[in-house]
Amino acid sequence: MANMSTGSAKSLRRPLIAGNWKMNLGLKDSVDLVRQLVDGAPAGGSGPEIMVAPPFTALTVVAELLKGKSIKLGAQNMHPEASGAFTGEVSPSQLLDVGCSHVILGHSERRRMFGDTDAFIKKKLQAAVKLKLVPVLCIGETLEERESNRTFRVLETQIKGALEGFAPTDLAQLVVAYEPVWAIGTGKTATPDQAQQAHAFVRQQLKGLYGEGWAQSVRILYGGSVTPENVDELMSQPDVDGALVGGASLKPVGFLRIINFKAGTKASA
Ligand code: PEP
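These notes cover the structure that comes with them. Quick caveat: nothing in here was measured; it's all calculated off a predicted structure.

Here we come to the packing of aromatic side chains. The final tally for this structure, using the stated rule, is three aromatic pairs. Judged by centre distance (4.3 Å) and plane angle (0 degrees), the rings of Phe152 and Phe201 are stacked. With Phe152 in helix α7 (residues 151-163) and Phe201 in helix α8 (residues 192-210), this residue pair connects regions lying 49 residues apart in the sequence. Of the residues examined, Phe152 reaches a relative accessible area of 18% and is grouped as buried. Given the relative accessible area of 8%, Phe201 is considered buried. On the basis of an interplanar angle of 55 degrees and a centroid distance of 6.3 Å, the ring pair of Tyr178 and Tyr222 is categorised as tilted. Residue Tyr178 is located in strand β6 (residues 175-178), and its partner Tyr222 is located in strand β7 (residues 219-223); the two are separated by 44 residues in the primary sequence. One exposure class covers both Tyr178 and Tyr222, and it is buried.

A few words on the site of the ligand. Around the ligand lies a shell of 14 residues, among which Lys22, Glu179, Gly185, Ser225 and Gly246 are the nearest. Within the side chain of Glu179, an N or O atom sits 2.7 Å from an oxygen atom of the ligand. Within the contact set of the ligand, an oxygen atom lies 2.6 Å away from a backbone nitrogen or oxygen of Gly185. Bound to the protein, the ligand loses 95% of the 290 Å² it would expose on its own.

Glancing now at unusual backbone geometry. The phi angle at Lys22 is positive, at roughly 50 degrees, despite the residue not being glycine. With respect to the secondary-structure elements, Lys22 resides in the loop between β1 (16-20) and α1 (27-40). Of note in this structure, Ser225 is not a glycine but carries a positive phi near 55 degrees. Inspection of the secondary structure puts Ser225 in the loop between β7 and α10 (231-235).

Look at α7: 18 Å from first C-alpha to last across 13 residues, which is about the 18 Å you get at 1.5 Å a residue. Along α7, the residues classified as buried are Thr151, Phe152, Val154, Leu155, Gln158, Ile159, Ala162 and Leu163. Seen end-on, α7 carries its buried residues on one side only, within an arc spanning 165 degrees. Looking at the packing, one finds that the buried side of α7 touches α4 (108-114), α5 (118-130), β5 (134-139), α6 (143-147), β6 and α8. Positive backbone phi, approximately 100 degrees, marks Gly165, located one or two places after α7.

So, on to the sheet that holds strand β3 (residues 72-75). One closed barrel holds the eight strands; their spatial order is β1-β2-β3-β4-β5-β6-β7-β8, and the pairing between them is parallel. The average angle at which neighbouring strand axes cross in this sheet is 25 degrees, direction not considered. Pairing of strand β2 (residues 49-53) with β3 involves two bridges; the strand directions are parallel. Bridge assignment links Val52 to a residue of β3, and that residue is Leu73. Each of β5 and β6 touches α7; the most contacted strand, β5, lies at about 150 degrees to it. Lying over the sheet, helix α11 (residues 252-259) contacts β1, β2 and β8 (242-245), oriented at roughly 155 degrees with respect to β1.

Right, let's talk about the pattern of salt bridges for a bit. Tallying each qualifying case throughout the model produces 16 salt bridges. Notably, a salt bridge pairs Arg13 with Asp241, separated by 2.9 Å at the nearest N-O pair. Taken together, the residues Arg13 in the segment before β1 and Asp241 in the loop between α10 and β8 connect sequence positions 228 residues apart. Ionic pairing is found between Arg146 and Glu141, a salt bridge with its closest N-O pair at 2.8 Å. Through salt bridges that share partners, Arg13, Arg203, Asp239 and Asp241 make up one connected network.

Here Gln205 lies in helix α8. Dropping the residues within four chain positions of it, Gln205 is found in contact with Glu156, Ile159 and Lys160.

Here α5 is 13 residues long and its end C-alpha atoms lie 18 Å apart, about the 18 Å a rise of 1.5 Å per residue gives. Within the sequence span of α5, burial applies to Asp118, Ile121, Lys124, Leu125, Ala127, Ala128 and Val129. Of the surrounding elements, those touching the buried residues of α5 are α3 (92-97), β4 (102-105), α4, β5 and α7. A positive backbone phi angle near 65 degrees is found at Lys132, which sits one or two residues after α5.

Definitions and limits used
Residues numbered from 1 in each chain as written. Predicted model: local features only at pLDDT ≥ 70, side-chain atom pairs only at ≥ 80, totals over all residues. Heavy atoms only, no water. Phe/Tyr/Trp six-rings, centres within 6.5 Å; stacked < 30°, edge-to-face > 60°. Helix = DSSP H or I, 4+ residues; strand = E, 2+ residues; numbered from the N terminus. Buried < 20%, exposed > 50% of the residue type's maximum accessible area, 1.4 Å probe, protein only. Near = heavy atom within 4 Å. Polar contact = N/O pair within 3.5 Å; in protein donor to acceptor, adjacent residues only side chain to side chain. Areas by Shrake-Rupley, 256 points an atom, 1.4 Å probe, with all protein chains shown as cover. Expected span 1.5 Å × (residues − 1). Arc of directions from axis to C-beta. Contact = heavy atoms within 4.5 Å. Pairing = 2+ DSSP bridges. Axes fitted to C-alpha atoms, helices over the stretch in contact; angles between N-to-C directions. Salt bridge = Lys/Arg side-chain N within 4 Å of Asp/Glu carboxyl O.

The values reported here are purely geometric and, on their own, carry no functional implication.
Set out below in structure tokens:
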């Protein structure tokens, strides 16, 4: 893949570190974890923006503990419709009701296991932005797609499939998460160079859709086996504006170290 730089205005974008708890933790463990995060997070909301996405069952209890705190609450998914006969689903307004400000959309596990298509993700995105929920749009290639040099094509299809037709003002708060499927939950992280190339490509696509100014304002997170050991180097890349963290977000000490990343440093051995 060609090396790419977008002349990124990174300093204008506040980093976002988000924890995706997936289908883990009951109420007691959710409370324990979030209490430790609240106690350990940088004081006064300084440092990166922080968001946690517990399972639906823990949203209310976590929301209580986050009242008046700087850590934001997100959901891992939602249905695009406002209400109705959609057994097992949760609507955007229900997420707002329980205190969510963010929602993860198009996670590869949803795409792969639950049939979420680009068209369906676009509907969810429309519903989220209508209610001013911040969408964290996940995109990323499989190993097979990477090995057959289709990474950029896949990213372009996923971005355009979800975003085309939106006005940039509708998407003011959009966050994109580049999550190579082969790196999720596998312990195989993209190298900082691989992450930067993909992020720069995503930003170029955003520029093509909406222009340079808007593209430079969108935060692009990296996700895929982020750990305290690799976060510093990833966050040192010009187009990496944060991390979407799965497994490592369940361990308070490690997640707090990720939150306190040190950009501009090499990974320690
Ligand atoms: C994720 O679920 O979005 C993720 C990146 O998981 P992990 O950090 O465990 O690879």
